[in-house]
Amino acid sequence: MDASANPSTAPSCHAMSARNPFDRIFRNAVTRSSPTPVDIGVSGGRIAAIAPHLACEAAEIDIGGRLVLPGFVDSHIHLDKACLLGRCGHVQGSLKDAIAAVATMKRDFTVEDVYARGARVIERAIVHGTTRMRTHVEIDPRIGLRSFAAIKALKRDYAWAIDLSLCVFPQEGLTNDPGADELLVEALRDGAGVIGGCPYTDTDPHAQIKRIFDLAQEFDLDVDFHLDFDLDPSWSHMEEVCRQTDQRNYHGRVAIGHATKLSALPPERLRAATARLAQAGVAVTVLPATDLYLMGRDATHNAPRGLTMAHKLVEGGVLCSVATNNVLNPFTPFGDASLLRMANFYANVAQAGVSEFETCLDLVTDLPARLLNLGAYGIVVGNPADLVVLDTNSGPNAIAELPDLLAGFKRGRQVFERRPPVLFKPA
Ligand SMILES: [Zn+2]
């Protein structure tokens with residue numbers, strides 16, 4: 001949770017030596033830790049003071065008692081394979097069909113093509129208030145390092161609005177795909193920030209998990225696996241990931257995405273799995289749009305949701321997030337990169353109660369910020385002034401009402417504006 005500074009210790013104009021201590025003051029802002037409106041003073045791109053009334057002359061923005069958040073954090077998205085609907089004759093199919101469809105299209109991806117599609121999604125994410133994002137990038141002999149080069153350029157070109165981190169991974173197998181390992185190492189040498197894996201597409205899943213951990217340790221990187229993606233509770237690679245995490249003392253540095261099997265576990269087994277994940281410090285990212293679209297397809301009626309209950313795992317001490325995953329492709333033919341919409345969607349499908357809405361908002365803000373291990377997140381003095389303004393007055397209302405996002409700021413600089421709709425009532 002974000003936290004306001006103690007008003008009595010907040011600097012004022014007179015207490016500070018500079019003539020203009022603040023570049024900008026946000027007035028009358030409600031934060032999740034302060035339902036009473038406060039002023040937020042920004043200097044040099046950082047939050048310099050938080051107090052009920054900052055007496056100072058600086059450029060002002062009146063927030064009008066609305067909610068300000070430190071931006072949404074998307075812990076799992078695929079920019080490289082977004083926006084492909086126009087080019088594939090997509091027939092509703094299984095996970096395997098989706099992987100095969102993208103594998104075919106991937107051969108024709110160019111750097112410019114990946115850049116253009118990724119930029120389209122990043123710009124949607126920015127105007128929906130996302131300030132940090134981890135994108136997975138596929139690396140294998142078919143695509144080579146073309147997607148990686150494009151996403152690196154996006155990271156550089158959109159740094160004014162979003163902190164992008166790159167997680168490179170082999171989507172179609174590692175130990176069974178000659179050349180993939182060498183390319184992965186090349187990407188790691190060339191600045192990839194995180195390493196991922198996808199053991200369920202490997203002929204030797206445990207060997208892949210071991211190799212990914214070996215590389216993570218060699219390059220001192222966090223790990224983010226696409227783990228199980230089915231509803232069969234009779235087997236799982238989760239224990240192997242937890243075991244390797246323990247063995248390598250990697251607690252707090254490992255995440256698993258989807259983990260849909262957890263949704264198929266009866267209560268006692270789920271309790272045991274929750275305790276194991278919490279003990280190993282392995283985080284779980286739930287991807288509602290894709291999980292709901294691809295799971296339970298064999299059912300002729302009463303189809304299972306196939307959605308892991310992230311907010312319940314949080315109660316059990318597991319670090320969790322809810323994220324976007326795919327946008328407009330065979331895995332998920334929907335998407336606008338809005339994490340507030342995704343949190344609302346998750347809360348609805350997960351049947352979250354009103355008392356759980358705060359946690360649902362945590363799942364797209366504070367918790368993924370912790371999962372990404374980037375630090376300096378939240379409306380706290382000293383942190384970067386990453387702020388988004390919502391047209392509502394509390395965290396729970398943000399989940400319930402899906403309010404408009406009116407403005408966003410990255411390191412104190414405004415990056416977007418959205419004007420509220422105007423009704424033209426008859427006179
Ligand atoms: Zn994914």
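Now for a quick tour of the structure. (Residues numbered from 1 in each chain as written. Predicted model: local features only at pLDDT ≥ 70, side-chain atom pairs only at ≥ 80, totals over all residues. Heavy atoms only, no water.)

A few points about the pattern of salt bridges
Inference 1: Counted by the stated rule, this structure contains 33 salt bridges.
Inference 2: Of the charged contacts, one joins Arg142 and Asp140 as a salt bridge, the two residues approaching to 3.8 Å between their closest N and O atoms.
Inference 3: Asp190 serves as the salt-bridge partner of Lys152, at 2.8 Å between the closest nitrogen and oxygen. Of this pair, Lys152 sits in helix 3 (residues 146-157) while Asp190 sits in the loop between helix 4 (180-189) and strand 8 (194-197); the two residues are 38 residues apart in sequence, bridging distant segments of the chain.
Inference 4: For Asp190, a relative accessible area of 40% puts it in the partly exposed group.
Inference 5: Beyond isolated ion pairs, a larger network of salt bridges with shared partners links Lys81, Lys106, Glu138, Asp140, Arg142, Glu172 and Asp177. (Salt bridge = Lys/Arg side-chain N within 4 Å of Asp/Glu carboxyl O. Helix = DSSP H or I, 4+ residues; strand = E, 2+ residues; numbered from the N terminus. Buried < 20%, exposed > 50% of the residue type's maximum accessible area, 1.4 Å probe, protein only.)

Brief notes about the sheet that holds strand 9 (residues 222-226)
Inference 1: A sheet is described by the order of its strands in space; here eight strands give the open sequence 5-6-7-8-9-10-11-12, paired in parallel fashion. With one partner strand each, in any of the chains shown, strand 5 (72-77) and strand 12 (320-322) form the two edges of the open sheet. For this sheet, the mean inter-axis angle between neighbouring strands, taken without regard to orientation, is 20°.
Inference 2: Bridge count between strand 10 (residues 254-257) and strand 11 (residues 282-286): four bridges; the pairing is parallel. Note on strand 11: the bridge partner recorded for Val254 is Val282.
Inference 3: Packing of helix 3 onto the sheet brings it into contact with strand 6 (130-138) and strand 7 (163-169), and relative to strand 7 it is tilted by some 165°. (Pairing = 2+ DSSP bridges. Axes fitted to C-alpha atoms, helices over the stretch in contact; angles between N-to-C directions. Contact = heavy atoms within 4.5 Å.)

Concerning the packing of aromatic side chains
Inference 1: By the definition in use, this model includes six aromatic pairs.
Inference 2: Here the aromatic rings of Tyr293 and Phe334 are separated by 5.8 Å at their centres, their planes lie at 90°, and the arrangement is edge-to-face. Of this pair, Tyr293 sits in helix 8 (residues 288-294) while Phe334 sits in the loop between strand 12 and helix 10 (339-349), and the two are 41 residues apart along the sequence.
Inference 3: Aromatic rings pair up to connect Phe213, Phe225 and Tyr250 into one cluster.
Inference 4: Seen from the ring of Tyr293, Arg297 lies directly overhead, with NZ or CZ sitting 4.6 Å from the centre. (Phe/Tyr/Trp six-rings, centres within 6.5 Å; stacked < 30°, edge-to-face > 60°. Lys NZ or Arg CZ within 6 Å of the ring centre and 35° of its normal.)

As for the pairing of strand 11
Inference 1: Burial within strand 11 is extensive, with five of its five residues counted as buried.
Inference 2: What you see with strand 11 is no split at all: Val282, Val284 and Val286 on one side and Ala283 and Thr285 on the other are buried throughout.
Inference 3: Between the parallel pair strand 10 and strand 11, the chain is carried across by helix 7 (residues 267-280), and the sense of this crossover is right-handed. (Right-handed = clockwise from strand over helix to strand, strands pointing away.)

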